[in-house]
Amino acid sequence: MNTKLIFHRDWPLGCRLFLLLLMCFLMSVQAGAQTSYSRLASSIVSKYKKQIQQSGKQAIALPTDSVNVVMSPYIYQLMGPGIYFSSALKDGFRLDAPDFSGNFGFSGISENSGISRLPGAPDQILSLSSHALMRAYISHPNAFRYSDAQINSEHILATLPATEAKKEDLVDIYNKVDEIKDVTDIVDDVELDLHIQKPNFWTTTGKFSLQFTQNYFSEQWYKGGNNNVTLLSGLQLEANYNDQKRLSWDNKLDLRLGFVTATSDSIHRYLTNNDKIDLYSKLGVKATKSWYYTLSVEGKTQFLPGYRSNDRRAYSRFFAPLDANASLGMDFKPSLKNGNTFSLALLPFSYKMRYIGDEEETIHASFNMKDKDFQQDFGSRIELNSKLTLAKNFLWRCRFYTFTSYEYVEGEMENVFTFQFNKYISSEIYTLWRFDDNRDMKYWDDTLGYFQFKEYFTLGLSYNF
């Protein structure tokens, strides 16, 4: 502004003072803008140089948590990978370009200036960004491997919308396929025999085991002992139906028979150590994802008479007793992986029938059924059946039930731990806990009460099919 014009002698004194103040204000605004631009320049250059040093030859990106400059499209050249921009090179090689080895001619002040507070920021920022790039080009040329000319030469492949591309593909396919009016054109009048195979919802499994142990002691063995031979055989068959929608039907037949020679028994040459016939069936109709309305039926008896050592009286026989149960309720049966199964049936409506088809008094007395062959009770029942793989080749089978007529309780818990050495050799640990308080007091045990326990360990042959 021309100061002579401001202090023209013909102008009133008040007017000249106003113009003088206006000139001072504009000069202060310009100086403040230059100072702000100098702060912004220092901020851009320092932050950019720090990022160059940290990134090396990798892509350059300014993290937003360390930059005090407002993100703007005018500084996009500083945000991407190392690229030589022709606009920055042209600005840098102008005759009036600043000295890139030093500052911009402004003193280094605080780096807390923001673009949004600067009037006329875009033009200045573009210039400052170019200067920052030139300094980076000179101080770290290895970090820049591409040019904008290379990027501009790349072509973006045009893509069609998915629907249009699909239609064009189908048109090409239709045009290449010959129209077939008669199937005999391609099969040469060969008769086609088509069979539709229905899905098989049945799964069947089986296991046969034969375990054998033997002990022999010479007549003068210094510690004494009894010679004995133990044989245990088992057969388990399962046939299960599941249509994967609503209906499931599980069926299981469990047969066990074992003997042990009784050299100390003066009456019997051998005694049974395991004797069982158990037929189990459970029908379920799906109610929810893992719950089924369930009808459970079970019948069990044994093969041979059961004796005690040095006692001629039988305490059980075939069909003496015969136990039958029918129960109605809900079954929780989730889907498990790796062949594992789990079933917990809550059966509030249960019917139990026991029949003794033998006249032996000891059998009737053993089951608290003196002077009667038939007994029936109504009550509730809980059943649990599971098969879990604890480790590789190590299987745990568990069977548990409890029945109460609200006058007495009867229950069993059977656990079988099987370790399969190979296809034909296995080892088995068997435990059976039983509780029955519907018995005469002479069967009360001072240690276990009405609880009874049986256990054995075997090693022998087994075959799964």
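Structural data are supplied above this passage.
Residues numbered from 1 in each chain as written. Predicted model: local features only at pLDDT ≥ 70, side-chain atom pairs only at ≥ 80, totals over all residues. Heavy atoms only, no water.

Caption draft 1: Highlighting the overall build of the protein chain. Secondary structure summary: the protein chain contains eight helices and 16 strands in total. Buried positions account for 35% of the 465 residues belonging to the protein chain. Long-range pairs, those at least 24 residues apart, make up 58% of the contacts in the protein chain with a sequence separation of at least 6. As displayed, the protein chain offers around 30200 Å² of accessible surface, 59% of which is attributable to carbon and sulfur atoms. (Helix = DSSP H or I, 4+ residues; strand = E, 2+ residues; numbered from the N terminus. Buried < 20%, exposed > 50% of the residue type's maximum accessible area, 1.4 Å probe, protein only. Contact = heavy atoms within 4.5 Å. Areas by Shrake-Rupley, 256 points an atom, 1.4 Å probe, with all protein chains shown as cover.)

Caption draft 2: Fine view of unusual backbone geometry. Along the chain, Ala 320 connects to Pro 321 via a cis peptide bond; the corresponding omega equals 10°. For Pro 321, the location among the structural elements is in the loop between β9 (314-316) and β10 (322-332). Phi is positive for Asn 368, which is not a glycine, with a value near 55°. Within the element layout of this structure, Asn 368 appears in the loop between α8 (361-366) and β12 (374-391).

Caption draft 3: Molecular detail of the sheet that holds strand β4 (residues 228-242). The strand order around the closed barrel formed by 12 strands is β3-β4-β5-β6-β7-β10-β11-β12-β13-β14-β15-β16, and the pairing between neighbours is antiparallel. Going from strand to strand, the sheet's axes swing by 20° on average, the running direction of each strand aside. Across 14 bridges, the pairing between strand β3 (residues 202-215) and β4 is antiparallel. Residue Thr 203 lies in a different strand from β4, and its bridge partner there is Asn 240. (Pairing = 2+ DSSP bridges. Axes fitted to C-alpha atoms, helices over the stretch in contact; angles between N-to-C directions.)

Caption draft 4: Spotlight on the packing of aromatic side chains. Going through the model one piece at a time under the given rule, you end up with 20 aromatic pairs. Through a chain of ring-to-ring contacts, three or more aromatic side chains come together here, namely Trp 433, Phe 435, Trp 444, Tyr 450, Phe 451 and Phe 453. In this structure, Lys 333 is placed above the aromatic ring of Tyr 292, and the distance from its NZ or CZ to the ring centre is 5.0 Å. (Phe/Tyr/Trp six-rings, centres within 6.5 Å; stacked < 30°, edge-to-face > 60°. Lys NZ or Arg CZ within 6 Å of the ring centre and 35° of its normal.)

Caption draft 5: Just the layout of surface pockets, in detail. Of the voids in this model, the second largest pocket is the one considered here, and its volume is about 1200 Å³. Along the wall of the second largest pocket there are 40 residues; nearest its centre are Gln 302, Ser 316, Arg 434, Gln 452 and Lys 454. Secondary-structure elements contributing two or more residues to the lining of the second largest pocket are β6 (270-286), β7 (291-301), β8 (306-307), β9, β13 (394-404), β14 (409-420), β15 (425-436) and β16 (451-464). Classifying every residue of the lining of the second largest pocket gives 15 nonpolar, 10 polar and 15 charged. (1 Å grid on protein atoms, 1.4 Å probe; cavity = no way out; pocket = protein on both sides within 12 Å on 5 of 7 lines; lining within 4 Å. Points joined across faces, edges and corners; volume = space filled by probe spheres on them. Nonpolar A, V, L, I, M, F, W, Y, C, P; charged D, E, K, R; others polar.)

Caption draft 6: Broad picture of empty space enclosed by the protein. Inspection of the entire model under this criterion finds two cavities of 30 Å³ or more. Put simply, the second largest cavity is a space of about 30 Å³. If you go around the second largest cavity, the residues you meet are Glu 298, Lys 300, Asn 325, Lys 352, Arg 381, Tyr 401, Phe 403 and Glu 410. At the level of secondary structure, the elements contributing two or more residues to the lining of the second largest cavity comprise β7 and β13. In the lining of the second largest cavity, the residues fall into two nonpolar, one polar and five charged.

No statement about biological role is implied by the geometric values presented.
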